[in-house]
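Residue-level listing of the chains:
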Amino acid sequence: EAQVTQNPRYLITVTGKKLTVTCSQNMNHEYMSWYRQDPGLGLRQIYYSMNVEVTDKGDVPEGYKVSRKEKRNFPLILESPSPNQTSLYFCASRREGSYEQFFGPGTRLTVL
Amino acid sequence: EDQVTQSPEALRLQEGESSSLNCSYTVSGLRGLFWYRQDPGKGPEFLFTLYSAGEEKEKERLKATLTKKESFLHITAPKPEDSATYLCAVPLSYNTDKLIFGTGTRLQVFP
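Peer 1: Please clarify how the interface of chain A and chain B should be interpreted in this entry.
Peer 2: The extent of an interface is frequently quoted as the accessible surface area lost upon association of the parts. Taken together, the contacts link 23 residues of chain A with 23 residues of chain B. Carbon and sulfur atoms make up 54% of the surface buried where chain A meets chain B, a total of about 1800 Å² over both sides. It is A:Leu43, A:Tyr99 and A:Phe103 in chain A that bury the most area against chain B; as a group they hold 35% of the surface buried on that side. Connecting chain A to chain B are zero salt bridges.

Peer 1: Explain the environment of B:Gly43 to me, please; I cannot follow it from the model alone.
Peer 2: With respect to the secondary-structure elements, B:Gly43 resides in the loop between β4 (33-38) and β5 (45-50). Take B:Gly43: its relative accessible area is 18%, and that puts it in the buried class. Residues within four places of B:Gly43 in sequence aside, it is in contact with A:Phe90, A:Phe103, A:Gly104, A:Pro105, B:Arg37 and B:Gln38.

Peer 1: Just to check I follow, could you spell out unusual backbone geometry for this structure?
Peer 2: Most peptide bonds are trans, and most residues other than glycine sit at a negative phi. Here A:Asn7 and A:Pro8 are connected by a cis peptide whose omega angle stands at -5°. For A:Pro8, the position within the fold is in the loop between β1 (4-7) and β2 (10-13). Residue B:Pro8 is reached from B:Ser7 by a cis peptide bond, and omega for that bond is -10°. Checked against the element boundaries, B:Pro8 lands in the loop between β1 (3-7) and β2 (10-14). Its identity is not glycine, yet A:Glu53 carries a phi of approximately 65°, on the positive side. Checked against the element boundaries, A:Glu53 lands in the loop between β5 (42-51) and β6 (54-57).

Criteria and thresholds
Residues numbered from 1 in each chain as written. Chains lettered and ligands numbered in written order. Predicted model: local features only at pLDDT ≥ 70, side-chain atom pairs only at ≥ 80, totals over all residues. Heavy atoms only, no water. Contact = heavy atoms within 4.5 Å. Buried area = accessible area lost by both parts, 1.4 Å probe. Salt bridge = Lys/Arg side-chain N within 4 Å of Asp/Glu carboxyl O. Helix = DSSP H or I, 4+ residues; strand = E, 2+ residues; numbered from the N terminus. Buried < 20%, exposed > 50% of the residue type's maximum accessible area, 1.4 Å probe, protein only.

See the structure below:
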C-alpha cells in the first residue's frame, strides 16, 4: 500500500530534550516536506526536500533541522524543543511532475 | 506579501443544501491551486489541482473552479460524510516546493 508513515504518532517531552520524528514514504517520491498545523494558523511549511541531499527552508524553519540521506526518509529533528513547538506535525511527499501531495497521519507533539 | 485566504471559516449546512467555499490568493504569477480535504485527526487528502483561470474539476458532489484571483469549491446536495475541513494551497514558484496553505473552511453537514 502506497503510504507516508510517521513515528511516533504522539509524543510528550520536556523543554530542551532532543527528539527526532521520522518520516518514510514507499512511493519513490522525489519531493518531501514537513508541515506544522496550529489552530487559527493552518498548515505552515517547515522544510522541504527536492531530492537526496537537497533541502531548503519553508516558512517556519527556526528551531528545526532536517536531513535527506535516503530518498524514502526525511526525519525532522528538534535539537532543543521549546513549548512553542507544541503542534501537530505532518510529513508529505509527491513525485516530480505532480503537485498531488500525500500526507502522513500526523505526529502530535507536546513540549512541557 | 503572498497570501491565501479562505472563507467562511466555518459553514453549517443541512443535508442537500448546496453552497460554495472561497479561496482567494495574492501571489505573483499563479502556478496552480490545490484543494485538499482534511478529516479530524488525519492528514490532508488531495482533491483537485487547477492550473489556469476558467478551469473546472469535478469529483462526486464537489466542483472546483478557478479565476484569476480566487477559487471556489462548490458542494452540491452535500451529505453528512462531506463534513470535513477543506484546505486550499498555492505554490510559490516552479523551482522550489514552497506551498502556502489557507487556514481552511470547516464544513459540517447535518442530516
